[in-house]
Every structure is written in C-alpha cells, then in structure tokens.
Amino acid sequence: MAEKIVIAGATGNLGTRIAHALSKRGADVVALGRIGARANKLKALESLRVKIRIVDMASVSDLAKECDGAACVVSVLAGLRDVIVDTQSIVLEAALAARVPRFIPSDYSMDFPKQPDGENRNLDLRREFHRRLDAAPIASTSIFNGPFGEVLTMYNHVPLLDFNQKMVGYWEDPDWRIGFTTMNDVAEYTAAAALDQRAPRALRIASFSVSPRELAKFTADVMKTPFQLVRLGGLEDLRAQNKSERAAHPEGENELYPLWQVGQYMLSMFSIRHAPNDNDRYPGLKWTSLADLVAQRS
Ligand SMILES: NC(=O)c1ccc[n+]([C@@H]2O[C@H](COP(=O)([O-])OP(=O)(O)OC[C@H]3O[C@@H](n4cnc5c(N)ncnc54)[C@H](OP(=O)(O)O)[C@@H]3O)[C@@H](O)[C@H]2O)c1
C-alpha cells in the first residue's frame, strides 16, 4: 500500500515541488492548504495526483485528522516566529496526536546548529523550534541543503554573483567553498527522505559546491563574461555591519527578508562549514550543475 505523507505548506514554492516529487514516487500525498489559500497556488497542486485539504492551521484536532495514518509529516512552512515556531508547533502537536512516527521540519537551509545564536534571525527561529522538536517523542530529519542554487541566479545583485556590477564579492576567504542545492534537487531529495523510515536526524546535501575564486573563474571560462573577484571585508566586518543595519532598520523585524537578513545569510554562507556527505543516500537522483543552473537563467 502507498505510504501516506502529509505536507504542511504544500501551496508554497518548495512545498508544491515536494508534493510533485512524492507523487512521482507513488506516495499517497495529502497537501494541506490554509483557509484562504490562493486559487492559483491550489491550481498548481490540482494538476498533481495529491489530495488537497484546506484546514484550520490553528486547530490541532483538525490537523490531526488529516495526519491520521501518515508515515511522515513534512513541513515546508515559511515565515517568522508566528509560523516557524507557533504554527509549526501546532503541526507537530497534530502529528504527535495522530501518532505519526516521523517529522521533517521546515529547515532546508545551512547547517545552522553549527552557528551561534544571534547571527541569523531566520535560522535562530528554526533553532527555537528544534528545541521543541528534539524534546518531542517523534523521529525527525532536517534537510541541510545550504542556500538554494537559485539564490545565485534569480537576482541581479546578490553580492556573491552580482550580475549588475559583474562582481563576485566575498568575505574573508576567496577559497571558502559553499554548497548550493537547487529547489528541484531539494524537493526530490526531501521526497526520498520522507519515504525513508531510517532517515537520520540530519541529512546534508548540495547540488554543487563552489568557492568565490572558482565562481569568478566560471564567469570567465563558461559565461565568457569575466566578473571581478572583490573582497568585501572580513567576517568581523560583516558581523558588525549586520548588527548596525539591523539596529537601524527595526521595521525589518516584521519582514522575512529585510536587507540585513540577506547580510546575515551571507555571514552564514561564509562561516558555516557545509559538508554535503549524504548526496548518495538515495539512488537515481540527478544533481544540477552550476553550468546547467546558469544556462536556465538565460
Ligand atoms: N536555503 C535557501 O536558500 C532557502 C531559500 C528560500 C526558502 N527556503 C526555505 O524553504 C522553505 C519553504 O520556503 P518557500 O520559499 O517554499 O516559501 P513559500 O513559497 O512562501 O511557501 C510558504 C508556505 O507556508 C505557508 N504559510 C505561510 N504562512 C502560513 C501561516 N501563517 N499558516 C499556514 N501556512 C502558512 C504558505 O501558505 P500560502 O500559500 O497560503 O501563503 C505556503 O504554503 C522555508 O523553510 C524557507 O525558509 C530556503
């Protein structure tokens, strides 16, 4: 019989991709949407072989009904404390009430347990949720995929690959390698992990790893448009800049990605050592290369 997997946050960018990947693997997918979910997001799910359930995300009992009989609950929620800590805790409570054996939290990030508190607000919220998750009687698996590969190509002005200024900006060490994973690769891997009863507490993956110096060489050799390799400072400079920017822009406390949060992600990228040791755990997965990702941009 197909295993039942419940997805909270299924209407999101990554959530829809995970629903698709699970459906391809033959899982019995229950995609949860919140009351008031937008029609276009539901439409994207309707074309997949998944059961869409609109639920009151504040109701443990309503959520528990949907979780009944599931092998795993996958959270792909995105937001600030009200979502990552509060709503995700309600989903966790529902999974516990329904005696679901496994939970995948909405991490999909750098290996943040390695970073001290206070350096990345969005990752601190995940750490806060982990304290509840780790105390709960349920097995869990975090997917640590580094930054999404699309972070490099979806925007024109990310310091690490700044298309506007033709610059590869870095902090501290031009040879520091960063592991990136594309959204589709994260989704395919998460689907495999959701169906893996023996998945460990953490899985570390990357579609590709690249240093700033290698990135600059890539722009010259492959893109045929050399970007300049530019040192933007040391890690202490970046820490100090993030602190002062955050203090100067308190309105960003209510935004998911204020400018200072982008700086905090840069600090995480250049200070959390990412070791993608789990790429080979599931056979048959194809990993996107940097060249393929950049080719998709144009
Ligand atoms: N590593 C990286 O570089 C990177 C980059 C981006 C995201 N991420 C992570 O990937 C995960 C998914 O992000 P995403 O980009 O797919 O986010 P997204 O597209 O914004 O989707 C978020 C999902 O959460 C739901 N949601 C938000 N607030 C909610 C609430 N109060 N109650 C119930 N549901 C709520 C949304 O529902 P609606 O559709 O109804 O709004 C949607 O289904 C997050 O953990 C995010 O931090 C990682």
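Conventions we followed
- Residues numbered from 1 in each chain as written.
- Predicted model: local features only at pLDDT ≥ 70, side-chain atom pairs only at ≥ 80, totals over all residues.
- Heavy atoms only, no water.
- Near = heavy atom within 4 Å.
- Polar contact = N/O pair within 3.5 Å; in protein donor to acceptor, adjacent residues only side chain to side chain.
- Areas by Shrake-Rupley, 256 points an atom, 1.4 Å probe, with all protein chains shown as cover.
- Nonpolar A, V, L, I, M, F, W, Y, C, P; charged D, E, K, R; others polar.
- Buried < 20%, exposed > 50% of the residue type's maximum accessible area, 1.4 Å probe, protein only.
- Helix = DSSP H or I, 4+ residues; strand = E, 2+ residues; numbered from the N terminus.
- Pairing = 2+ DSSP bridges.
- Axes fitted to C-alpha atoms, helices over the stretch in contact; angles between N-to-C directions.
- Parallel < 35°, antiparallel > 145°, perpendicular 65-115°, else oblique.
- Contact = heavy atoms within 4.5 Å.

Novice: How do you make sense of the site of the ligand when you look at a structure like this?
Specialist: As a structural note, the neighbourhood of the ligand is formed by 22 residues, with Thr 11, Leu 14, Ser 106, Arg 126 and Phe 148 the closest of them. Within the backbone of Gly 12, one N or O atom sits 3.1 Å away from an oxygen atom of the ligand. At 2.9 Å, a side-chain N or O of Arg 34 approaches an oxygen atom of the ligand. Within the complex, the protein chains bury 81% of what would otherwise be the 930 Å² of accessible surface of the ligand. Each residue belonging to the shell around the ligand can be placed in one class, and the counts come to 11 nonpolar, seven polar and four charged.

Novice: How do you make sense of the pairing of strand S1 (residues 4-8) when you look at a structure like this?
Specialist: For a regular strand, the rule is simple: side chains alternate between the two faces of the sheet. Of all the five residues making up S1, five are buried; the element is thus mostly covered by neighbouring parts of the structure. Residues Lys 4, Val 6 and Ala 8 line one face of S1 and the alternating positions Ile 5 and Ile 7 line the opposite face, and both faces are buried. Pairing analysis gives five bridges linking S1 to strand S2 (residues 28-34), with the strands arranged parallel. Within S2, the residue paired with Ile 5 across the bridge is Val 29.

Novice: When you look at the packing of helix H5 (residues 121-135) against helix H10 (residues 259-271) in this model, what are you seeing that I'm missing?
Specialist: Two measures define how a pair of helices packs: the angle their axes make with one another and the distance between the axes. Interhelical geometry of H5 versus H10 gives an angle of 70° and a closest axis separation of 8 Å. Taken as axis vectors, H5 and H10 run roughly perpendicular relative to one another. Across the interface between the two elements, Arg 121, Asn 122 and Leu 123 from H5 touch Trp 260, Gln 261, Gln 264, Tyr 265 and Ser 268 from H10. Within the contact of H5 with H10, the residues separate by chemical class into three nonpolar, four polar and one charged.

Novice: What should I look at first to understand the sheet that holds strand S4 (residues 72-75) in this one?
Specialist: In sheet architecture, strand pairing relies on hydrogen bonds along the backbone and comes in two forms, parallel and antiparallel. Read across the sheet, six strands follow the order S3-S2-S1-S4-S5-S6 without closing on themselves; strand pairing throughout is parallel. The outermost strands of the open sheet, each flanked by one partner alone, are strand S3 (51-55) and strand S6 (139-140). Bridge count for S4 against strand S5 (residues 102-104) is three bridges, and the pairing is parallel. For Val 73, the partnering residue across the bridge sits in S5 and is Phe 103. In the packing of helix H4 (residues 81-97) onto the sheet, the strands contacted are S1, S4 and S5, and the crossing angle to S5 comes to about 165°.

By themselves these figures say nothing about function.
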